[in-house]
Structures are given as C-alpha cells and as structure tokens.
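A structural walkthrough
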Amino acid sequence: MTVLERFLGGDQSALARIITIIEDRTDGYQDVLARFYPRSGKAVRIGFTGPPGAGKSSLVNSIARMLLAQGKKVGIIAVDPTSPFTGGALLGDRIRMVDMPSDGTVYIRSMATRGSTGGLAAATGNAAVALDAFGFDYVLIETVGVGQVELDIIDTCDTVVVTLVPESGDAVQALKAGLMEIADIFALNKSDRPGAENIAAELNMILEIKREKQEWEFPVVMTEAINNKNIDRLLSKIEKHIAYLHSSGQFDKHRREQIRKKIVSIVTAQINVVVREKLTQMVDIEKVVGEIYEGKTDPYTVSKELIRLSRMG
Ligand SMILES: Nc1nc2c(ncn2[C@@H]2O[C@H](COP(=O)(O)OP(=O)(O)O)[C@@H](O)[C@H]2O)c(=O)[nH]1
Ligand SMILES: [Mg+2]
C-alpha cells in the first residue's frame, strides 16, 4: 500500500509521513494536497495565541480532552517553539501529554520553527488541510502571538482564542501586539494568580468599543488550565462563536476568502519561479545592475523594457 492509501485508511503513521512531505515540500506534495482539498472543509479550526508561558499548550490540552470526552476527533498543531508539544518541554509538560489516548482520536504535531520561516504559515495551513481530510472534527493550532507568520497562521482559523495572564500590563501589551484585533475570545489564564479580577475588568473595558460595533460578545473567560477550571466555559464560548459565524454568514465568507488567498499564493509562487528563470535567460542581470549602479539607467526603465520584451506587460 502507498502512504496515501494508508492515510485514506486512517493510519496515523501515514498521516505523520504525509505532513512531513508537506512540510519539506517534497516533490509531489502539491498532488497530495490536491487530493485532500475535496475531502476537507469539515474540521473546525481553533487558533490559540498569546505570549509564551501564558498557558496556551495547557489550554489546548484541556480543551482537547474535553472534546475527546464528547467523542470528537482532535488534531493539534503546535507552531510555538517553546511548546511542550514541540519537545522543548519541561518534564511535567511532557507527562501531561502522555496520557492522551492512543486510539487514533487525537494526533499532535509540531511544525518546525527553526531556520527559514518562509513557508511556515503555508506549511501549517497545508498540515491543517491534511488533518481535516484525515477526518478530525477539530484542528487546534497553537502559536505564539508575534510576527507576521503567526498572524498568517491565525488568519486561517475560524475562531481565535487569545491567552493572557494577570501579569500587569498584559492587556496593554496585547493591544500593542495587535492581539486585540484578531481575538474572538480571551482566555485570562492563571486566574488563580493575584490581580486576575482587575485585568479581566480592564480587558472588559477595552472590549466595550469592539462590542458596540459588532454583534459578537468578545467574551473574557477566566481560566485555570492547571486546575481545569472554566475550561468548559471556554469551550462553550468557542462553540457559541462557531455558531455565530454560521448564523452571520461569516463562516462561509471567511472560508471562501481563504480559498481565494490560497489560489493567489499558489499562482504567485509559480509565476515568481517562471519570472526568475525567464529573467536569467533574457538579460545579463549583473551587467544591468552595474549600469544602474553607475547611473546610466534606472530600475524602472530596465524593468519596463524587460516586461515589454517578455510580452508580459
Ligand atoms: N498558576 C498557573 N499556572 C499555569 C496555569 N496554566 C498553565 N500554567 C503553567 O504555566 C506554564 C506555561 O504553560 P504552557 O501551557 O506551556 O504555556 P504556553 O507557553 O503559552 O504554551 C506551565 O508551567 C504551566 O503548568 C494556570 O491556570 N495557573
Ligand atoms: Mg506552548
């Protein structure tokens, strides 16, 4: 049997192999994804983002357990380099993951964050498509709330949970980092710590502006991931948000937008390759660079001429 056949038969080791193929962009990975697309679209994607140490992995863990108890199948992707899921964990964190069931209802995957982050967002999105096609009901994606790559990843999620902690200034930091913009739900985790009530009040005050403008309530849930406290509330808000997305038509709209973006990114990447190849054939680029450097011509004139010659303009 081929790896694809084993994947379609529900073999998790084949799933792991396929995600590696996707991640490494091994020859033929696009054909594999092409097969997956018609089988995908059913899984709900929940993004968990926020500063390192806020408790994202712990929350993902608790939410996953609760979904599993409901008979749901859960795929987890960790893009957080500090995540216990990625192996850079404290012993305690690893133990927590070990008692996940090994009956095929859950699968945990970390995406490499070392080296080039170039295709990380695309690779993560593609891995989510694979998990979706494999038959998971939920795909939970954990990522640290920084940078464009993370924002691109979060953009593919249906619902975004921003995790904060009661440390002073956290809400303000989140505002600065643009997390307020992308959050659908706030989990104020480590609510066992002092100051939690104050931060929750502060958050709620900031959120009033957003709530006035939109139908959605932008709830703040005070969670304690380690004590399994209010995880049920958090999950019910997630479910409520998904229901809201459906009833408001946003679910459909967002999914279609993702497809549009996907087409543009595939075509753009492909055209980029073609253009680079063509350019090296058409012109002695170093010679032209020299001429521009010496002030004999300029990049605009050169480009205009190249586009004319290539008949692309
Ligand atoms: N006091 C307290 N600690 C927590 C809570 N949730 C998680 N932690 C701890 O915070 C640390 C970081 O958690 P982790 O889930 O790895 O955070 P992440 O970096 O956001 O994924 C771990 O040592 C957790 O055990 C909580 O509700 N209360
Ligand atoms: Mg983590």
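Located above this text is the structure these notes cover.
Remember, predicted model here, so these are calculated numbers, not experimental data.

Brief notes about the overall build of the chain
Helix and strand counts for the chain stand at 14 helices and seven strands. Each principal axis of the C-alpha distribution contributes one length, and for the chain these read about 70 × 55 × 40 Å. Per-residue burial over the chain gives 44% buried out of 313 residues. In the chain, 75% of the contacts between residues at least 6 apart in sequence involve partners at least 24 apart. Carbon together with sulfur atoms contributes 55% to the accessible area of the chain, which is approximately 16,700 Å² in total. Of the charged side chains in the chain, 38 are positive and 40 negative, and the gap between their average positions amounts to 3 Å.

Focus: the site of ligand 1
Close contacts around ligand 1 come from 17 residues, with Gly53, Lys56, Ser57, Ser58 and Asp192 the closest. Between ligand 1 and Asn189 there is a distance of 3.1 Å, counted from a nitrogen atom to a side-chain nitrogen or oxygen. A distance of 2.8 Å separates a nitrogen atom of ligand 1 from a polar atom in the side chain of Asp192. Coverage of ligand 1 by the protein amounts to 83% of the 580 Å² it exposes when considered alone. With three residues, the top contributor of residues to the shell around ligand 1 is helix α4 (residues 56-69). Residues of the shell around ligand 1, tallied by class, amount to six nonpolar, five polar and six charged.

Rules used in this analysis
Residues numbered from 1 in each chain as written. Chains lettered and ligands numbered in written order. Predicted model: local features only at pLDDT ≥ 70, side-chain atom pairs only at ≥ 80, totals over all residues. Heavy atoms only, no water. Helix = DSSP H or I, 4+ residues; strand = E, 2+ residues; numbered from the N terminus. Buried < 20%, exposed > 50% of the residue type's maximum accessible area, 1.4 Å probe, protein only. Contact = heavy atoms within 4.5 Å. Areas by Shrake-Rupley, 256 points an atom, 1.4 Å probe, with all protein chains shown as cover. Lys, Arg positive; Asp, Glu negative; His and termini not counted. Charge placed at Lys NZ, Arg CZ, Asp CG, Glu CD. Near = heavy atom within 4 Å. Polar contact = N/O pair within 3.5 Å; in protein donor to acceptor, adjacent residues only side chain to side chain. Nonpolar A, V, L, I, M, F, W, Y, C, P; charged D, E, K, R; others polar.

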